[in-house]
Number of protein chains: 2
Amino acid sequence: MYVTTSTNHARFTPPISEEIESHAIGAARIHEGECLYYEGDEVERLYQVLTGAVRLTRLLEDGRRQVIAFGFPGDIIGFPNDGLHQADCDALTDTKLKSFRRSALENGEGEPALHFALLQAALREIHAMQEHFMMLGLKCSDERVASFLVTMLERCGETTNVGRRVFLPMSRLDIADFLGLTVETVSRCFTALRRSGIISLKNSQTVLVRDEAALAAKALKEHD
Amino acid sequence: MYVTTSTNHARFTPPISEEIESHAIGAARIHEGECLYYEGDEVERLYQVLTGAVRLTRLLEDGRRQVIAFGFPGDIIGFPNDGLHQADCDALTDTKLKSFRRSALENGEGEPALHFALLQAALREIHAMQEHFMMLGLKCSDERVASFLVTMLERCGETTNVGRRVFLPMSRLDIADFLGLTVETVSRCFTALRRSGIISLKNSQTVLVRDEAALAAKALKEHD
DNA sequence: CGGCCGCTTGAACCCAATCAAAATTCGTGG
DNA sequence: CCACGAATTTTGATTGGGTTCAAGCGGCCG
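Everything quoted here is computed from the prediction, not taken from an experiment.

The rules behind the values
- Residues numbered from 1 in each chain as written.
- Chains lettered and ligands numbered in written order.
- Predicted model: local features only at pLDDT ≥ 70, side-chain atom pairs only at ≥ 80, totals over all residues.
- Heavy atoms only, no water.
- Helix = DSSP H or I, 4+ residues; strand = E, 2+ residues; numbered from the N terminus.
- Contact = heavy atoms within 4.5 Å.
- Areas by Shrake-Rupley, 256 points an atom, 1.4 Å probe, with all protein chains shown as cover.
- Axes fitted to C-alpha atoms, helices over the stretch in contact; angles between N-to-C directions.
- Parallel < 35°, antiparallel > 145°, perpendicular 65-115°, else oblique.
- Nonpolar A, V, L, I, M, F, W, Y, C, P; charged D, E, K, R; others polar.
- Near = heavy atom within 4 Å.
- Polar contact = N/O pair within 3.5 Å; in protein donor to acceptor, adjacent residues only side chain to side chain.
- Pairing = 2+ DSSP bridges.
- UniProt positions renumbered as here; feature names shortened; annotations may be inferred.
- Least-squares fit on C-alpha atoms with pLDDT ≥ 70 in both.

Asker: It is not clear to me how the overall build of chain A should be interpreted in this structure. Could you clarify?
Answerer: Counting its secondary structure elements, chain A contains 7 helices and 12 strands. Relative to all contacts within chain A whose residues are 6 or more apart in sequence, the contacts with residues 24 or more apart total 71%. A total of about 9,100 Å² of accessible surface is found on chain A, and carbon and sulfur atoms cover 49% of it.

Asker: Even after reading the chapter, I still don't get the packing of helix α5 (residues 172-179) of chain B against helix α6 (residues 183-195) of chain B, so can you show me in this structure?
Answerer: When two helices pack together, their arrangement is given by the angle between the helix axes and the distance between those axes. Residues and elements named next belong to chain B. Running from amino to carboxyl end, α5 crosses α6 at an angle of 100°, the nearest separation of the two axes being 8 Å. As summarised for this structure, α5 and α6 are arranged roughly perpendicular, according to the angle between their axes. Contacts between α5 and α6 involve Arg172, Leu173, Ile175 and Ala176 from the first element and Val183, Val186 and Phe190 from the second. Among the residues forming the contact of α5 with α6, the class breakdown is 6 nonpolar, no polar and 1 charged.

Asker: Whenever I open this one, the protein's contact with DNA strand C confuses me. Can you help?
Answerer: Taken together, the neighbourhood of DNA strand C is formed by 17 residues, with Ser141(A), Thr185(A), Arg188(A), Arg172(B) and Thr191(B) sitting nearest. Taking all atoms of DNA strand C within 4 Å of the protein, the share assigned to sugar and phosphate is 67%. The side chain of Arg188(A) places a nitrogen or oxygen atom 2.9 Å from a base oxygen of DNA strand C. Contact distances for DNA strand C include 2.9 Å between a phosphate oxygen and a side-chain N or O atom of Ser187(B). For the surface near DNA strand C, the secondary structure elements donating two or more residues are α6 (183-195) of chain A together with α6 of chain B. Residue contributions to the surface near DNA strand C peak at 5 residues, all from α6(B). Of the residues in the surface near DNA strand C, the class split is 3 nonpolar, 8 polar and 6 charged.

Asker: Explain the sheet that holds strand β10 (residues 163-167) of chain B here, please?
Answerer: Strand-to-strand pairing in sheets goes through backbone hydrogen bonds, with the strands running parallel or antiparallel. Residues and elements named next belong to chain B. Pairing is antiparallel across the open sheet formed by 4 strands, whose spatial order is β9-β10-β12-β11. Looking at strand neighbours, the two that pair on one side only are β9 (158-160) and β11 (199-203), the edges of this open sheet. In this sheet, neighbouring strand axes are inclined to one another by 30° on average, regardless of whether the strands run parallel or antiparallel. Relative to strand β12 (residues 206-209), β11 runs antiparallel, the two sharing 4 bridges. Looking across to β12, one finds that isoleucine 199 is bridged to valine 209. Seen against the sheet, α6 touches β11 and β12 and runs at an angle of roughly 115° to β11.

Asker: Before we go on, may I ask you to explain the sheet that holds strand β11 (residues 199-203) of chain A in this structure?
Answerer: All names here are of chain A. Reading across the sheet, the 4 strands line up as β9-β10-β12-β11 and stay open at both edges, with antiparallel pairing between neighbours. Looking at the sheet topology across the chains shown, the edges are occupied by β9 (158-160) and β11. With direction set aside, neighbouring strand axes in the sheet form an average angle of 30°. Here 3 bridges tie β9 to strand β10 (residues 163-167), and the two strands are oriented antiparallel to one another. Paired with threonine 160 across the two strands is glycine 163, which belongs to β10. Running at roughly 90° to β10, helix α4 (residues 141-156) makes contact with β9, β10, β11 and β12 (206-209) of the sheet. Sheet strands touched by α6: β11 and β12. Its angle to β11, the strand with the most contacts, is close to 115°.

Asker: What is the right way to read the protein's contact with DNA strand D from this model?
Answerer: Taken together, 18 residues lie near DNA strand D, and Arg172(A), Thr191(A), Ser141(B), Thr185(B) and Arg188(B) sit nearest. Here a base nitrogen of DNA strand D and a side-chain polar atom of Arg188(A) are 2.9 Å apart. Looking at the surface near DNA strand D, the elements that each hand over two or more residues are α5 (172-179) and α6 of chain A together with α6 of chain B. Among the elements that make up the surface near DNA strand D, the one with the highest residue count is α6(A) (5 residues). Considered class by class, the residues forming the surface near DNA strand D number 4 nonpolar, 8 polar and 6 charged.

Asker: Is there a simple way to explain the UniProt feature "domain: HTH crp-type" (unreviewed entry) in chain A in this structure?
Answerer: The sites that UniProt annotates as "domain: HTH crp-type" (unreviewed entry) are residues 139-213 of chain A. The straight-line gap between the two end C-alpha atoms of residues 139-213 of chain A is 18 Å; of that span, 52% is helix and 23% is strand.

Asker: Sorry if this is basic, but what is going on with the relation of the copies chain B and chain A here?
Answerer: The pair of chain copies shares a relation made of a rotation about an axis and a shift along it. Under the fitted operation, chain B is carried onto chain A by 0.0 Å of movement along the axis and a turn of 180°, and the coordinates agree to an RMSD of 0.0 Å. The transformation just described matches what one would write down for a two-fold rotation axis.

Quick look at the structure:
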């Protein structure tokens, strides 16, 4: 699933269907920093993230980088374009995945349930990307960062006694390249949220959200 | 198909397959300015544009608008998210479409060829949206406008004796909302391209591209 | 001919990028 | 365990590209 704030409602992780589980043809395990596939590689399998987190990136000829999405448990990645991978996929942390034959997507024969589940995942992806368009096309920097945190919270948030907490497995640069900003700007937005008391940072990777409502408000410029 | 410059190669209109043709369950015709469906509507049918052009838009609560895509002949639109339309669809010009049952996408039973074609269209859409991410996340205003023209040229360009020509059925505001810019900025970029001799404008809708190579260069910041 | 709407042009401003440097974290080896 | 160096994050000062605000232009249709 793509990390982008929904205008409608939160899109939660699709449960890892037992149905799908049974059709997995294999498992994969990649360590932090390792690459699962590169843009242009032949797509042999699709993957569902089981644990950990991955990063999908694309590069422009001149080196500019766009983080297309982050993949968290439940997300299905590796949809082909013309049979080829569309982005590089790297592990942000040690990650376990299971894999499916590409043919399970393209012709469901024999495994209609799996076929359907993969198709639904593709449709969800289209939706998530549209949400991200709203981010990149319409929102200003503080809205983007707030939106990002809201979505991360929905995806991976844990409830504590002082608020909800979320671990960010990606670097500030990754976040910046995902949001179409620079590291400095992302950092400044974090600082502003911290100073306003909406969040606090245990360390740069661990965010405690003290005021979820205020964060959600910032995500949509209902400022002050 | 989404109007976005490909980093790899141009993605041309998928030919309107005879196969698909035979499975069409209906036709639709909408006049300029009319709406085919709204965000949130139940998806009953998917559509393939036959002639004309449509615009897919989404709104933020506060009224900010993002043009998600333009649909030209060959493009398939209307992919559901959770059974609902994800964007508003309006006709930029009088448009003819043919329609397919949503079930043809979701379960191909009886019509595997159509099912497959719709799935491929969904995968193409994912790819096209990724290209658009590069646009919104990485490119500056003049690159965006140049990229946009390059893609429009690929999609709808006609060859003349003085260069290739393309008709833009959408307004400057539509282009701006598609590219994540303002009307003024888009207009200024057009003017800059005109002054540099790369394009000329018969009227604001009709662009004659005099130097395709230079336009392509601007699309990637290999400036001057 | 006149009014309206979309496009273009101009000037001032502002948000985020850039450039630069300090602070903090992290890994490595003594 | 601490010391050191590298990398990441944060902070600060300045610049610049795109927005905003405002006004002119031009085509189209009554």
